[in-house]
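Architecture at a glance
Listed below, chain by chain, are the residues.
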Amino acid sequence: MRKVMLMLLTSVVVLSLISGCAGGGSTSKNEGSSSDKGTSSEEKVTIKLMDFKTEITDKIKAMAADYMAENPTINIEAQVTGNYDTLLKTRFAAGDGPDIFMTRAYTDIEGWSERLADLSNEPWMDKVIPSSVAGMTADGKKLGFPLAVEGYGFIYNKDIFAQVGIDKLPTTLTELKEVNEKFKAAGISSYTEGYKSFWVLGQHLFNLPFAFEKDPAATIEKMYAGEVKMKDIEKLNGFFDVLDMTVDYGKGTDTIGLSYDNQVSDFASGKTAMMQQGVWSIDAITKINPDMNIGMFAIPLSDNPEETKMPVGVSTYYSINKDSKVIEESKKFLTWLHENGQKYIVDSYKMIPAFTDLKTTPELGPLAEDLDKYLKDENTYIWAFQLWPSGIAEDFTVPLQAYVGGHFDKDQTIMELQKIWDQKVRK
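Quick caveat, the model's predicted, so the values are computed rather than measured.

Cut-off values and rules
Residues numbered from 1 in each chain as written. Predicted model: local features only at pLDDT ≥ 70, side-chain atom pairs only at ≥ 80, totals over all residues. Heavy atoms only, no water. Helix = DSSP H or I, 4+ residues; strand = E, 2+ residues; numbered from the N terminus. Contact = heavy atoms within 4.5 Å. Areas by Shrake-Rupley, 256 points an atom, 1.4 Å probe, with all protein chains shown as cover. Buried < 20%, exposed > 50% of the residue type's maximum accessible area, 1.4 Å probe, protein only. Pairing = 2+ DSSP bridges. Expected span 1.5 Å × (residues − 1). Salt bridge = Lys/Arg side-chain N within 4 Å of Asp/Glu carboxyl O. Axes fitted to C-alpha atoms, helices over the stretch in contact; angles between N-to-C directions. Core = buried A, V, L, I, M, F, W, Y, C linked by side-chain atoms within 4.5 Å. pLDDT = per-residue confidence, 0-100. Lys, Arg positive; Asp, Glu negative; His and termini not counted. Parallel < 35°, antiparallel > 145°, perpendicular 65-115°, else oblique. Left-handed = near helix turned anticlockwise from the far one by under 90°. Nonpolar A, V, L, I, M, F, W, Y, C, P; charged D, E, K, R; others polar.

What follows deals with the overall build of the protein. Counting its secondary structure elements, the protein contains 16 helices and 14 strands. When contacts within the protein are restricted to residue pairs at least 6 apart in sequence, long-range pairs at least 24 apart make up 78% of them. When the accessible surface of the protein is split by element, carbon and sulfur atoms take 48% of a total near 17200 Å².

See below:
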């Protein structure tokens, strides 16, 4: 299964991901029906939904409230949490698995596949972008509802860059160091990074050296086989160079105590010039500073500008628990979400849609606009972390935090990362 998965993932994300005719936005009221797994429309039923997109918690809850207003026989319990993976496993172990929950592409989908309902024949499935299909497919079954095309890099304050005379975005490690030195000379903090949040450090930032591999999928397959070790990753030193910069030109060892909310707050308040984040941050930024002049650029790991590209992927899906007692109601909810995707996924969540009949809009903001440029230029990398063993990013974060805190040196950190990989692969 993994070999097929790896072959499919090696295709580069291209502009067709987000192209398509305009559509969506229509409202459809769903009437209840009986089924083997459903309940009759006369009964008040509850759909338990679990999500890890904490940056849009209020938007998710507002969407759920709208659905309940249109469907008075349905109650949606929407739980949005940052401690997602641990809590999800705990709930399933306790016999309280959610009816709809968020899954990640490839490894995560494959790992949960035995618990997921087959969505292959749902009415919206023929509208998903082609690049989203492989990541949600296991044993020939399509197991997810794709949410968005996403990308990340360094988000930067254009006004602060102009203030210190930076008119060219850095595309190499040397240029990035020079930019940081200019901010230091001006008494400006380059970064506040949220390394308390595992996905900022152990998932997104640590994805970079894997994504920079000439054939990331082949490299990771060899790591599973024990033929390639962590120390063999070519751009690992470049990763540590960037990590060092975010600490040395930022909040120092205090960085490991700062969360996503902390980094967004400092950046949006103009306290720092940059932060490592993605298109999903636009709503949180504009809540604090609606008129902020921002952009996003790819993070370099070498002094070859041609290697500096932006990681882009269809990252997350909604999946349905196959043992749910409200499968049919859950399927109807996903159909409604697609039919109203322009309103919720695009306009409210500010996401680049993963459906061909939904359209991107200028209102998605400057981060989506910059991502679009990388897509048009085919200047993108895959989200290689989607091929790691499920849940390993949280484990990777521990030694990386120890490195940031000064408890491990680079060699010790790499050794600990390798131990974690070996332990996960053996399970």
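Now that the structure is up, let's keep going.
Time to look at the environment of lysine 331. Note that lysine 331 resides in helix H12 (residues 327-339). By relative accessible area, which is 17% here, lysine 331 ends up buried. Those residues in contact with lysine 331 that sit more than four places away from it in its chain are Asp118, Leu119, Glu122 and Ile320.

Burial within strand E9 (residues 272-278) is extensive, with 7 of its 7 residues counted as buried. Relative to E9, strand E7 (residues 148-157) is paired through 5 bridges, and the arrangement is antiparallel. Residue pairing across strands places tyrosine 152 opposite glycine 278, the latter belonging to E9. Sheet topology places strand E8 (residues 189-191) next to E9; 2 bridges connect them, and they run parallel. Within E9, the residue paired with tyrosine 191 across the bridge is methionine 274.

Look at helix H6 (residues 173-185): 18 Å from first C-alpha to last across 13 residues, which is about the 18 Å you get at 1.5 Å a residue. The elements touched by buried residues of H6 are E7, helix H5 (158-163), E8, helix H9 (236-248) and E9. Two residues or fewer past H6, glycine 187 is found with a positive phi of approximately 75 degrees.

On to the pattern of salt bridges, then. All chains considered together, the criterion is met by 22 salt bridges. Taking the shortest distance from any N to any O, the salt bridge between lysine 168 and glutamate 175 comes out at 3.2 Å. Residues participating in the shared-partner salt-bridge network are Lys214, Glu234, Lys235 and Glu307.

In this section: the sheet that holds strand E1 (residues 45-51). Pairing in this open sheet of 5 strands is mixed, and the strands run E2-E1-E3-E12-E6 from one edge to the other. In this open sheet, the two strands that pair with only one neighbour each are strand E2 (74-80) and strand E6 (145-146). Both strand E3 (residues 100-104) and strand E12 (residues 316-320) contribute to a ladder of 5 bridges, which runs antiparallel. In the sheet register, phenylalanine 101 faces E12, and the bridge partner there is serine 319. On the sheet, helix H3 (residues 84-93) packs against E1, E2 and E3 and is oriented at approximately 145 degrees with respect to E1.

A few words on the nonpolar core. As a rule of thumb, soluble globular proteins bury nonpolar side chains together. Phe183, Phe206, Met230, Met274, Phe333 and Trp388 are the most contacted members of the largest nonpolar core, which has 142 residues in total. Beyond its immediate chain neighbours, meaning those up to four positions away, phenylalanine 333 contacts Ile47, Leu49, Met63, Tyr67, Ile76 and Ile100.

As a further point, take the confidence of the model for the protein. For the protein, the average pLDDT comes to 90, and 90% of its residues sit at 70 or higher. Note that pLDDT drops below 50 for residues 1-41; the model gives that stretch 98 contacts with residues more than four away or on any other chain.

A separate point is the side chain of aspartate 51. Relative to the helices and strands, aspartate 51 is located in strand E1. Within the buried set, aspartate 51 has no salt-bridge partner at all; the shortest N-O distance to an opposite charge, 7.1 Å, is to lysine 53. Discounting chain neighbours no more than four positions away, the residues touching aspartate 51 are Ile60, Gln79, Val80, Thr81, Tyr84, Met102 and Tyr318.

Glancing now at the packing of helix H2 (residues 57-70) against H12. Here H2 crosses H12 at 110 degrees, and the two axes come no closer than 12 Å. Taken together, H2 and H12 sit at an angle that is classed as roughly perpendicular. Considering only the axes of H2 and H12, their crossing is right-handed. Contacts between H2 and H12 pair Met63, Tyr67 and Glu70 from the former with Glu329, Lys332, Phe333, Trp336 and Leu337 from the latter. Here the residues of the contact of H2 with H12 sort into 5 nonpolar, no polar and 3 charged.

Glancing now at the pairing of strand E10 (residues 294-297). Of the two faces of E10, both are covered, the one formed by Ile294 and Met296 as well as the one formed by Gly295 and Phe297. Where E7 lies against E10, 4 bridges are found, and the strand directions are antiparallel. Along E10, the bridge assignment pairs isoleucine 155 with methionine 296.

Excluding glycine, most residues fall at negative phi; most peptide bonds, likewise, are trans. Its identity is not glycine, yet tyrosine 106 carries a phi of approximately 65 degrees, on the positive side. Within the fold, tyrosine 106 resides in the loop between E3 and helix H4 (107-112). One non-glycine residue, lysine 350, lies in positive phi territory at about 60 degrees. Counting through the fold element by element, lysine 350 comes out in the loop between helix H13 (341-348) and strand E13 (352-353). Look at lysine 350 and you get partly exposed, because its relative accessible area is 24%.

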